[in-house]
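Letter by letter, the chains look like this.
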Amino acid sequence: GITNKFMQAAILAVSANELLFTLTYLHNVTYTRIGTNVTTGSGSATSARLGVYNVGSDGLPSTLAFAGATISIQTTGEKEATISFTPPVSGWYYFVLQAEANFSMDKYNIIDGMIRGLGSSSATTAESHYTTDSRSYASALETPYTGTFTFVDGDNTAPMMWVRRV
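The following refers to the structure shown. (Residues numbered from 1 in each chain as written. Predicted model: local features only at pLDDT ≥ 70, side-chain atom pairs only at ≥ 80, totals over all residues. Heavy atoms only, no water.)

A few words now on the pattern of salt bridges. Considering all chains together, one arrives at 1 salt bridge under this definition. Across the pair Arg-164 and Glu-80 runs a salt bridge whose closest N-O atoms are separated by 2.6 Å. Highlighted residues: Arg-164 in strand 12 (residues 161-164) and Glu-80 in strand 6 (residues 77-85), separated in sequence by 84 residues. With relative accessibility at 28%, the residue Arg-164 sits in the partly exposed group. (Salt bridge = Lys/Arg side-chain N within 4 Å of Asp/Glu carboxyl O. Helix = DSSP H or I, 4+ residues; strand = E, 2+ residues; numbered from the N terminus. Buried < 20%, exposed > 50% of the residue type's maximum accessible area, 1.4 Å probe, protein only.)

So, in structure tokens, the structure goes:
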């Protein structure tokens, strides 16, 4: 499977309409899958959107680099969508996940200091590991992103999302 259970740290409960953003480094290669691991399914025929945002000059998500794919969150397991996405340059990007319904997913351990800052100017949020916001699932992922972020910290984990090449 895809998920490295050694690195799994916890389970993250995701609410309907919630957006999760987490930094990741991507190489300038073509990725053919994007996914996450659903640990508690929604129980109904619902889905989540996955996408990739560029990092803006303020360190926050700016414009969509990849408009996204949809995965089922009804049942548990590794969920992936087939994609064709080549980042324009190797560098830092934000994964984004938007849930249609409540479900749970894996979080992974972050090596202390590996992912920090996420563009916050506040000393109290300068060690945030991921950010959240809320938008109606009926709306597509927006570009440029103009939302208000809630910085999440405290447990050295971040939502587990991936891209890979097949």
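Still more ground to cover, so stick around.
Take a nonpolar patch on the surface next. On the surface, a nonpolar cluster with roughly 280 Å² of combined accessible area is contributed by Tyr-25, Val-55 and Trp-92. Secondary-structure assignment places Trp-92 in strand 7 (residues 91-99). (Patch = residues over 30% accessible without salt bridge, like charges linked within 9 Å, V, L, I, M, F, W, Y side chains within 5 Å. Areas by Shrake-Rupley, 256 points an atom, 1.4 Å probe, with all protein chains shown as cover.)

The subject of this paragraph is unusual backbone geometry. Among all residues except glycine, the phi angle is most often negative; among peptide bonds, the trans geometry is most common. At the junction of Thr-143 and Pro-144, the peptide bond is cis and its omega measures out at -5° in the coordinates. Looking at where Pro-144 falls in the secondary structure, it is placed in the loop between strand 9 (130-134) and strand 10 (150-152). The phi torsion at Asn-17 lies on the positive side, around 75°, for a residue other than glycine. Checked against the element boundaries, Asn-17 lands in the loop between strand 1 (8-14) and strand 2 (18-26).

Our focus in this paragraph is the packing of aromatic side chains. For any two aromatic rings, the description comes down to two numbers: the centre-to-centre distance and the angle of the planes. Summed over all chains, the structure comprises 5 aromatic pairs. On the basis of an interplanar angle of 65° and a centroid distance of 5.1 Å, the ring pair of Phe-21 and Tyr-145 is categorised as edge-to-face. Pair noted here: Phe-21 is in strand 2 and Tyr-145 is in the loop between strand 9 and strand 10, with a separation of 124 residues, a long-range link. Each member of the pair, Phe-21 as well as Tyr-145, is classed as buried. Plain terms: the ring middles of Tyr-25 and Trp-92 are 5.5 Å apart, the flat faces sit at 80° to each other, and that makes the pair edge-to-face. With Tyr-25 in strand 2 and Trp-92 in strand 7, this residue pair connects regions lying 67 residues apart in the sequence. Residue Trp-92 is classed as partly exposed on the basis of its relative accessible area, which comes to 44%. One aromatic cluster in this structure is built from Phe-21, Tyr-53 and Tyr-145. (Phe/Tyr/Trp six-rings, centres within 6.5 Å; stacked < 30°, edge-to-face > 60°.)

Here the focus is the environment of Gly-68. Its location among the elements puts Gly-68 in strand 5 (residues 61-72). When sequence neighbours within four positions are dropped, the list of residues in contact with Gly-68 reads Leu-50 and Gly-51. (Contact = heavy atoms within 4.5 Å.)

Further remarks concern the side chain of Gln-98. Mapped onto the elements of the fold, Gln-98 is located in strand 7. A relative accessible area of 1% means that Gln-98 is categorised as buried. Only 2.7 Å separates the side chain of Gln-98 from the side chain of Arg-49, close enough to count as a polar contact. Here Ser-136 takes part through its backbone oxygen, which lies 3.3 Å from a polar atom of the side chain of Gln-98. The contact partners of Gln-98, leaving out residues within four places of it in the chain, are Asn-17, Glu-18, Leu-19, Ser-47, Ala-48, Arg-49, Arg-135, Ser-136, Tyr-137, Ser-139 and Leu-141. (Polar contact = N/O pair within 3.5 Å; in protein donor to acceptor, adjacent residues only side chain to side chain.)

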